[in-house]
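Single-letter residue listing:
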Amino acid sequence: MTLLETRELVCGYGARAVVDAGSFLLEAGESVSIIGLNGAGKSTCLRTICGQLPPLAGDVLVNGRSVAALAPRERARSIAFLPQHAEIDLGLSVEELVRLGRTPYLGRFGHLGPDDARQVEIAMELCRVRGLRGARLGELSGGERQRARLAMVLAQEAPVVLLDEPTSHLDVVQRFALHGVLAEMRERRKTAFVIVSHAIADAERFGDSVILIKDGKAGHLGPSKRGAVRAALVAAAGIPEEWVY
Amino acid sequence: MRLRAVPVTLCAFALLAVAAYVATALGSRGGELTLELDWPHRLFAGADRGLAAVIAELRAPRVAAAALTGAALAVAGLVLQGVSRNPLADPFLLGVSGGAGVVVVALYAVPSVIPTLGWWIVPVGAFAGAQAATALVLTLSRGPRGRVTVLGLILGGVVVNAFCAAIMTVLLVSLEPLRLRFASFWLAGGVSSAEWGQIAIAAIGVGVASVFMWARGGAINAFGLGEEGAGLVGVDTRRLLRESAWAASLLTGLAVSLSGMVGYVGLIVPHAVRLLVGGDVRANVPLAAASGALILVVGDAAARSVISPAELPVGVLTALIGTPILFVLIRREMRRGA
């Protein structure tokens, strides 16, 4: 089943096109990595796919419906996005943060029901932050905070999840723990992921396929294999191979 | 330490009921301060016609006006702080009260307006003035990328307040002495005995706006993720900001039309409420309403008693208590920003 589809998508700001993202399909349970150098337009792509930026041309479809045409609530139920930077109130507790992931399911009077509470528990369990539920975000380490943010995104229960540099502040242990969580989500819920990352390990270990953005154009590199991602980045940057690790 | 919201809120409403009962019993006879705690008995026995009239026309409307003013300002401050993520947002500091005040003073200054159109023009005008001031402050405080900054809001508030104060002074000097005395008392935040019709209108307005913001509380919570983050979890942020500005303006306009320029209630009550039960806006709205009402009922009763038989405007009391607290809050913000 195709969850996410882009058609002749061009992303950018105002009149300035940044990336010609072209067309690609994402099936349930599948994951794709987007790689490229700084400023290549990876984040711009994600922000366009999740509907934060309007496409300059083409269209993004989730379950066959154009993202631009969805109401904000419905869009948030279809696509979740973890941006790289966010101005989160650090006074929030972990549990309060994860509960905010249920915002698209608020009732008429702004209330959450028992199903919401269960989803919050499941998301915290998956990301191993249940023990930190009362801790404030300002008191957490970078890795813990990132797991809490991921739990919020998972609590949103969207079939498509976009992650922008989810591992950038994580050490190697935390990084592989995060891969584990994402793999579990793909397995159990058939969530489809789009991951932007600088880390070759993310792209190689986690993506089924890889998209390289270079010179304002997105190109499908095909299935991710050990070495292929590294070679592509080396070619894109025009640098000696030993610089890339 | 955080307490559970529901019992604390029930306690606050119970305290409010007690305070309202005692405040209704408080009055003066022949220049002496009296406390007639048996007033319901005397009222229903029908033995004391004079007391019945005093309560129905003077004391009860005044207690009701104080309660509504406090509830309105507290909820308005809570909403403004929630959507702007700015702990210093307050209808008085941001100039929203000022905008409402200008219109009300203007209505009183032109002799025939209120008798011709009816008293309802006062709350309607105050709402319009509050709405205009809110729009002006929000425009002034928009920084790069449309972000409302703490500094921008405060500076916008300073500008709007200064402008409103200037216009009000111009209007006031044109008043005859008796009206001027009344207007000064009102401007300093003096609760007066309003018409029951006006109280009813205010009660409906405050009730509707508060329930509406309570229902939006879950969405306002999402502003803790930043404006962009709130959009990502499905909040229509522009619409919510617009709705909040409308509600805060309505609440402030009604408060100003009842009691003039009472400051700091909208600033301090939300902080106290968050300290007690945490930051969930949905839990905070009813508690803020009850606490704001409680503080002004008690404050107004105190303002009537301390220099009896003369009266202080309750706004003077809230300013005396509120200014040091504002000082502490500003210090904390400045340290955090540095």
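Residues numbered from 1 in each chain as written. Chains lettered and ligands numbered in written order. Predicted model: local features only at pLDDT ≥ 70, side-chain atom pairs only at ≥ 80, totals over all residues.

J.: Mind showing me how you'd approach the overall build of chain A here?
T.: A tally of regular secondary structure across chain A gives eight helices and ten strands. By the compact-globule yardstick of 18 Å for 245 residues, chain A fits well, its C-alpha radius of gyration being 18 Å. Along the first, second and third principal axes, the C-alpha atoms of chain A reach 50 × 40 × 30 Å. Counting only residues that meet the buried cut, chain A has 45% of its 245 residues in that class. (Helix = DSSP H or I, 4+ residues; strand = E, 2+ residues; numbered from the N terminus. Rg over C-alpha atoms; globule rule 2.2 N^0.38 Å. Buried ≥ 20, exposed ≤ 12 C-beta atoms within 10 Å, placed from the backbone.)

J.: I'm lost on the overall build of chain B in this one. Help?
T.: When its secondary structure is counted, chain B shows 15 helices and two strands. Its C-alpha atoms give chain B a radius of gyration of 20 Å, within 12% of the compact-globule value 20 Å for 338 residues. Judged by the C-alpha coordinates and their principal axes, chain B covers about 65 × 50 × 35 Å. A buried classification covers 50% of the 338 residues belonging to chain B.

J.: Just checking my understanding: could you explain the interface of chain A and chain B for this structure?
T.: Interfaces are often sized by the amount of accessible area the parts lose when they come together. In this complex, chain A contributes 24 residues to the contact, which on the side of chain B involves 20 residues. The element that contributes the greatest number of residues to the side of chain A that touches chain B is helix H2 (residues 72-78) of chain A, accounting for five residues. A class-by-class count of the residues in the side of chain A that touches chain B yields eleven nonpolar, seven polar and six charged. (Contact = placed C-beta atoms within 7 Å. Nonpolar A, V, L, I, M, F, W, Y, C, P; charged D, E, K, R; others polar.)

J.: Explain the environment of A:Glu96 here, please?
T.: Residues and elements named next belong to chain A. In this fold, Glu96 is placed in helix H3 (residues 94-100). When the 21 C-beta atoms within 10 Å are taken as the criterion, Glu96 is described as buried. Along the backbone, Glu96 and Thr2 are 94 residues apart, and their C-alpha atoms lie at a distance of 33 Å.

J.: It is not clear to me how the packing of helix H9 (residues 196-215) of chain B against helix H12 (residues 237-259) of chain B should be interpreted in this structure. Could you clarify?
T.: The relative placement of two packed helices comes down to the angle between their axes together with the axis-to-axis distance. All names here are of chain B. At their nearest, the axes of H9 and H12 sit 9 Å apart, and the two run at 155 degrees to each other. Here H9 lies roughly antiparallel to H12, going by the angle between them. Read as a crossing pair, H9 and H12 show a hand that is left-handed. When H9 is examined against H12, the residues Ala202, Gly205, Val206, Ala209, Phe212 and Met213 are found in contact with a partner set consisting of Ala247, Leu250, Leu251, Leu254 and Leu258. Of the residues that constitute the contact of H9 with H12, the class distribution is ten nonpolar, one polar and no charged. (Axes fitted to C-alpha atoms, helices over the stretch in contact; angles between N-to-C directions. Parallel < 35°, antiparallel > 145°, perpendicular 65-115°, else oblique. Left-handed = near helix turned anticlockwise from the far one by under 90°.)

J.: So what exactly am I meant to see when it comes to unusual backbone geometry here?
T.: Outside of glycine, negative phi angles account for most residues, and trans bonds account for most peptide bonds. With a phi angle near 45 degrees, A:Glu8 is a residue other than glycine that sits in the positive phi range. Here A:Glu8 is to be found in strand S1 (residues 2-13). Look at B:Arg85: it is not a glycine, yet its phi comes out positive at around 50 degrees. Structurally, the position occupied by B:Arg85 is in the loop between helix H3 (49-84) and helix H4 (96-109). Classification of B:Arg85 as partly exposed rests on a count of 18 C-beta atoms within 10 Å.

J.: Explanation requested: the nonpolar core in the structure shown.
T.: Soluble globular proteins: nonpolar side chains tend toward being buried together. Of all hydrophobic cores here, the largest spans 170 residues; its most connected members are A:Ala151, B:Ala67, B:Val75, B:Leu251 and B:Val297. Residues in contact with B:Leu251, not counting those within four places in the same chain, are B:Ala72, B:Val75, B:Ala76, B:Val206 and B:Ala209. (Core = buried A, V, L, I, M, F, W, Y, C linked by C-beta atoms within 7 Å.)

J.: Honestly, H12(B) in this entry has me stumped. Any pointers?
T.: Residue pairs three or four apart in sequence face the same way in an α-helix, which turns once every 3.6 residues. Taking 1.5 Å per residue as the helical rise, H12(B) with its 23 residues ought to reach 33 Å, and the 32 Å between its terminal C-alpha atoms agrees with that figure. Among the residues trailing H12(B), B:Gly260 stands out with phi positive, at a value near 70 degrees. (Expected span 1.5 Å × (residues − 1).)

J.: What should I look at first to understand the packing of H3(B) against H12(B) in this one?
T.: All names here are of chain B. Packing of H3 against H12 leaves a shortest axis separation of 8 Å and a crossing angle of 155 degrees. Looking at the two axes, H3 sits roughly antiparallel to H12. Here H3 and H12 pass one another in a crossing that is left-handed. Contact with H3, carried on its side by Ala65, Ala66, Leu68, Thr69, Ala72, Leu73, Val75, Ala76, Val79, Leu80 and Val83, involves Leu240, Leu241, Ser244, Ala247, Ala248, Leu251, Thr252, Leu254, Ala255, Leu258 and Ser259 of H12 and no other residues of that element. A class-by-class count of the residues in the contact of H3 with H12 yields 18 nonpolar, four polar and no charged.

J.: Mind showing me how you'd approach helix H4 (residues 114-126) of chain A here?
T.: Residue and element names in this part refer to chain A. Given a rise of 1.5 Å per residue, 13 residues ought to cover 18 Å, and the 18 Å separating the end C-alpha atoms of H4 matches this to within 8%. Considered for burial, the residues of H4 that qualify are Gln119, Val120, Ala123, Met124 and Leu126. Down the axis of H4, the smallest arc covering the buried residues is 160 degrees, so these residues share one side. Exposed positions of H4 whose direction lies more than 90 degrees from the buried face are Pro114, Ala117, Arg118 and Glu125. On its buried face, H4 is in contact with H3, helix H5 (142-155) and helix H6 (172-189). With its phi angle positive at about 55 degrees, Arg128 sits one or two positions after the end of H4. (Arc of directions from axis to C-beta.)

J.: What is the right way to read the pairing of S1(A) from this model?
T.: When a strand is regular, its side chains alternate between the sheet's two faces. All names here are of chain A. For S1 and strand S2 (residues 16-27), the ladder comprises nine bridges, and the chain directions are antiparallel. Looking at the pairing, Thr2 lines up with Glu27 of S2. For S1 and strand S4 (residues 57-62), the ladder comprises five bridges, and the chain directions are antiparallel. If you follow Leu4 over to S4, its bridge partner there is Val62. (Pairing = 2+ DSSP bridges.)

J.: Would you take a moment to explain the confidence of the model for chain B for this structure?
T.: Residues and elements named next belong to chain B. Averaged over all residues, the pLDDT of chain B is 87; the fraction at 70 or higher stands at 95%. No element of chain B has a lower mean pLDDT than strand S1 (residues 26-29), at 78, and none a higher one than helix H10 (residues 217-221), at 95. Two numbers describe this predicted complex: its pTM, 0.89, and its ipTM, 0.89. (pLDDT = per-residue confidence, 0-100.)

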